[in-house]
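Take a look at the letters that make up each chain.
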Amino acid sequence: MATAATPTRTSPPTRTPPNRTRPFPHFSRLRCSAGAKAPILTASIASDLTDPFPAFRSLTAFAPATVANLGPGFDFLGCAVGGGLGDTVTVSVDPAVAPGTLSIADISGSSSASKLRRDPLWNCAGIAGIAAMRMLGVRSVGLSLSLHKGLPLGSGLGSSAASAAAAALAVSELFGGRLTPDELVLAGLESEKKVSGYHADNVGPSILGGFVLIRSYDPFEIIQLEFPHDRDLFFVLVSPEFEAPTKKMREALPANIPMKDHVRNSSQAAALVAAVVQGNVRVLGSAMAADAIVEPRRAPLIPGMVSVKKAAMEAGAFGCTISGSGPTAVAVIDEEEKGNEIASTMVEAFAREGNLQAIATVAKLDRVGARVIGTEAA
C-alpha cells in the first residue's frame with residue numbers, strides 16, 4: 001500500500017576548498033562560443049592547453065535534482081530543487097589509471113544504479129568528467145571516479161544531469177576550479193547529448209542552481225532567473241514506482257503543433273518567467289499547469305497522472321505538472337505545511353488511480369547548484 005509519509009532528507013554539508021568562497025560567482029547571463037552543431041571537445045584543443053597540476057588528491061562534489069520543462073517550457077526552462085535530492089561524485093588522482101584518462105571505480109546508491117555501465121564513455125558522470133579533463137588539457141595524471149546515485153534512473157528529476165554536473169565540477173575543482181560556469185554546463189551537455197539529447201534544462205540548473213532559461217542552443221546561451229529571496233516557494237515532488245525512460249517519453253511528442261497551441265504555450269512560458277522574477281507563486285503555478293503540447297501526450301503514459309494532477313489542484317496546489325519526462329509529478333505551493341497535505345493527496349491518488357506506490361518530498365528551491373562537499377589534500 002502507498003504511504004503518504006514524507007521521508008526526512010538532509011542536505012549534504014557544503015565545504016568549499018580554500019580557494020573558493022562559494023561554488024560560483026553570480027552570472028545572470030552566460031554566453032558560450034560553442035553552438036549546438038559544433039563539438040566542443042577535440043584532441044587538438046586539449047594539446048594546446050597547459051597541463052594543470054592537481055590542487056587536491058581527491059575531491060567530492062554534490063549536484064542537486066532538477067525539475068525541467070516546468071510545464072510549457074519544454075527544453076528551455078528548469079530549476080534546481082533542494083531537500084538533499086541529488087548525486088555525489090568523488091574524483092581522485094590515481095597512479096593506476098593511464099595519464100590523461102578517467103576510469104570509473106565504483107557506482108553505488110539507488111537500486112537502479114546497478115543498471116549503469118562503468119565504461120566512462122557510456123556513463124553520464126564519465127562522459128562529463130572526460131569532457132572537463134579535455135577542456136582543462138589534463139595529460140599527466142589519470143583519474144578514478146566514484147558515483148553515488150541519490151536519484152533513481154528515469155525519475156524525471158534530472159538523474160543523468162546530476163551525475164554529469166557533479167562530475168564536471170569535481171574534475172574542475174580538483175585542478176583548482178579553472179572552468180567557468182558556462183564551460184561546466186557545456187561539459188555536462190556532452191553527457192546529455194549522448195544519453196538523452198542536447199538539452200540543458202536539467203544540467204544547467206543542476207550546475208548553476210535556481211531557475212534557468214535556455215535562450216539559444218546555437219550559439220548556446222543560458223540566462224539565470226532570480227527568484228526573490230524574501231518569497232517562499234515549495235515543490236511537492238511525488239515519485240511513483242514506475243520508470244519513464246526519457247527516450248520513450250520524447251517519442252510520444254507530436255510531430256506538428258497547431259498554431260493556437262503554440263501561441264498558448266508561448267504566452268504561458270512568458271508568464272512563468274515573469275512570475276519567477278516577481279516571486280508570484282500563484283501565477284507560476286497556474287502557468288506551469290497550462291502546458292497544451294507536451295503534458296497531454298505524456299500524462300496518459302504514466303498510470304494515474306491525470307488524476308494525480310487533479311487531486312493536487314483540488315487540495316490547493318497553485319499548479320501541477322510532470323517533472324521533466326516523468327514519472328514524478330511536481331506541484332508548487334508557498335507553505336510547507338500545506339505542501340505536506342498536498343503530497344499526501346497526490347500519493348493516495350497514485351495508489352488509487354494508478355495502482356502505484358509513491359514517495360513524496362517537499363523541497364525548497366536550491367539556489368546554489370553543484371558544490372564541493374569534501375576534499376583530501378594532495
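Residues numbered from 1 in each chain as written. Predicted model: local features only at pLDDT ≥ 70, side-chain atom pairs only at ≥ 80, totals over all residues. Heavy atoms only, no water.

(A) Fine view of the overall build of the protein. Helix and strand content of the protein: 11 helices and 12 strands. Expressed as a percentage of contacts within the protein between residues at least 6 apart in sequence, the contacts between residues at least 24 apart total 78%. (Helix = DSSP H or I, 4+ residues; strand = E, 2+ residues; numbered from the N terminus. Contact = heavy atoms within 4.5 Å.)

(B) Looking closely at unusual backbone geometry. Residue aspartate 218 is joined to proline 219 through a cis peptide bond whose omega torsion reads 0°. Residue position: proline 219 is located in the loop between β6 (211-217) and β7 (220-225). In this structure, the amide linkage connecting glycine 326 to the following residue, proline 327, adopts the cis form with an omega of 10°. Mapped onto the secondary structure, proline 327 falls in the loop between β9 (319-322) and β10 (329-333). The phi angle at asparagine 69 is positive, at roughly 75°, despite the residue not being glycine. Of note in this structure, leucine 70 is not a glycine but carries a positive phi near 50°. For leucine 70, the location among the structural elements is in the loop between β2 (56-68) and β3 (77-93). Assessed through its relative accessible area of 1%, leucine 70 is described here as buried. (Buried < 20%, exposed > 50% of the residue type's maximum accessible area, 1.4 Å probe, protein only.)

(C) Representation of the pattern of salt bridges within the structure. Counting across every chain of the model gives 11 salt bridges. With a shortest N-O distance of 3.3 Å, arginine 57 and glutamate 376 are connected by a salt bridge. Taken as a pair, arginine 57 in strand β2 and glutamate 376 in strand β12 (residues 371-377) lie far apart in primary sequence, 319 residues in all. With relative accessibility at 40%, the residue arginine 57 sits in the partly exposed group. Glutamate 376 gets classed as partly exposed once you look at its relative accessible area, which sits at 38%. (Salt bridge = Lys/Arg side-chain N within 4 Å of Asp/Glu carboxyl O.)

(D) Fine view of the layout of surface pockets. Volume-wise, the largest pocket comes out at about 780 Å³. Taken together, 38 residues line the largest pocket, and the ones lying closest to its centre are Gly154, Ser160, Val195, Ser196 and Thr246. Elements supplying a minimum of two residues to the lining of the largest pocket: α2 (124-136), β5 (143-149), α3 (159-174), α4 (181-195) and α6 (246-251). The biggest single contributor to the lining of the largest pocket is α3, with 4 residues. In terms of residue class, the lining of the largest pocket is made up of 12 nonpolar, 15 polar and 11 charged. (1 Å grid on protein atoms, 1.4 Å probe; cavity = no way out; pocket = protein on both sides within 12 Å on 5 of 7 lines; lining within 4 Å. Points joined across faces, edges and corners; volume = space filled by probe spheres on them. Nonpolar A, V, L, I, M, F, W, Y, C, P; charged D, E, K, R; others polar.)

(E) Seen up close, the nonpolar core. Grouped together as the largest cluster of nonpolar side chains are 57 residues, with contacts concentrated most on Phe211, Phe235, Val236, Ile342, Met346 and Phe350. Per-element accounting of this core gives the leading share, 6 residues, to helix α11 (residues 336-354). Every residue in contact with isoleucine 342, bar those within four places of it in the chain, is listed here: Val236, Ala312, Ala315, Gly316, Ala317, Ala331 and Ile333. (Core = buried A, V, L, I, M, F, W, Y, C linked by side-chain atoms within 4.5 Å.)

(F) Inspection of the pairing of β9 at higher detail. Pairing geometry for β9 and β10, over 4 bridges, is antiparallel. Within β10, the position partnered with glycine 319 by the bridge is valine 332. (Pairing = 2+ DSSP bridges.)

(G) Structural view of the side chain of threonine 328. Assignment of secondary structure puts threonine 328 in the loop between β9 and β10. On the basis of relative accessible area, threonine 328 is assigned to the buried category, the value being 0%. Engagement of the side chain of threonine 328 in a polar contact is seen with the backbone oxygen of serine 155, the distance being 2.7 Å. Discounting residues that sit within four places of it in the chain, threonine 328 has contacts with Ser155, Leu157, Leu237, Val238, Ser239, Pro240, Met305, Thr321, Ile322 and Ser323. (Polar contact = N/O pair within 3.5 Å; in protein donor to acceptor, adjacent residues only side chain to side chain.)

(H) Inspection of the packing of aromatic side chains at higher detail. In the structure shown here, the tally under the stated rule is 2 aromatic pairs. Seen in terms of ring centroids, phenylalanine 211 and phenylalanine 227 are 6.2 Å apart; in terms of plane orientation they differ by 35°. Their pairing is tilted. Here phenylalanine 211, found in strand β6, pairs with phenylalanine 227, found in the loop between β7 and β8 (234-240); they are 16 residues apart in sequence, far enough to count as distant. In this structure phenylalanine 211 comes out as buried when scored by relative accessible area, which is 2%. (Phe/Tyr/Trp six-rings, centres within 6.5 Å; stacked < 30°, edge-to-face > 60°.)

(I) Geometry of the packing of α3 against α4. Closest axis-to-axis distance for the α3/α4 pair is 9 Å, and the angle between their directions is 140°. Between α3 and α4, the angle is such that the two are oblique. Seen from above, α3 lies across α4 with right-handed handedness. Of α4, the residues touching α3 (which contributes Ser160, Ala161, Ala164, Ala168, Leu169 and Ser172) are Leu184, Ala187, Gly188, Ser191, Glu192 and Val195. Across the contact of α3 with α4, the residue classes tally to 7 nonpolar, 4 polar and 1 charged. (Axes fitted to C-alpha atoms, helices over the stretch in contact; angles between N-to-C directions. Parallel < 35°, antiparallel > 145°, perpendicular 65-115°, else oblique. Left-handed = near helix turned anticlockwise from the far one by under 90°.)

(J) Focus on the pairing of β6. Taking burial as the measure, the 7 residues of β6 include 6 buried ones, the bulk of the element. Of the pairings in the sheet, the one linking β6 to β7 comprises 6 bridges and is antiparallel in character. Following the sheet pairing, valine 212 is matched in β7 by glutamine 224.

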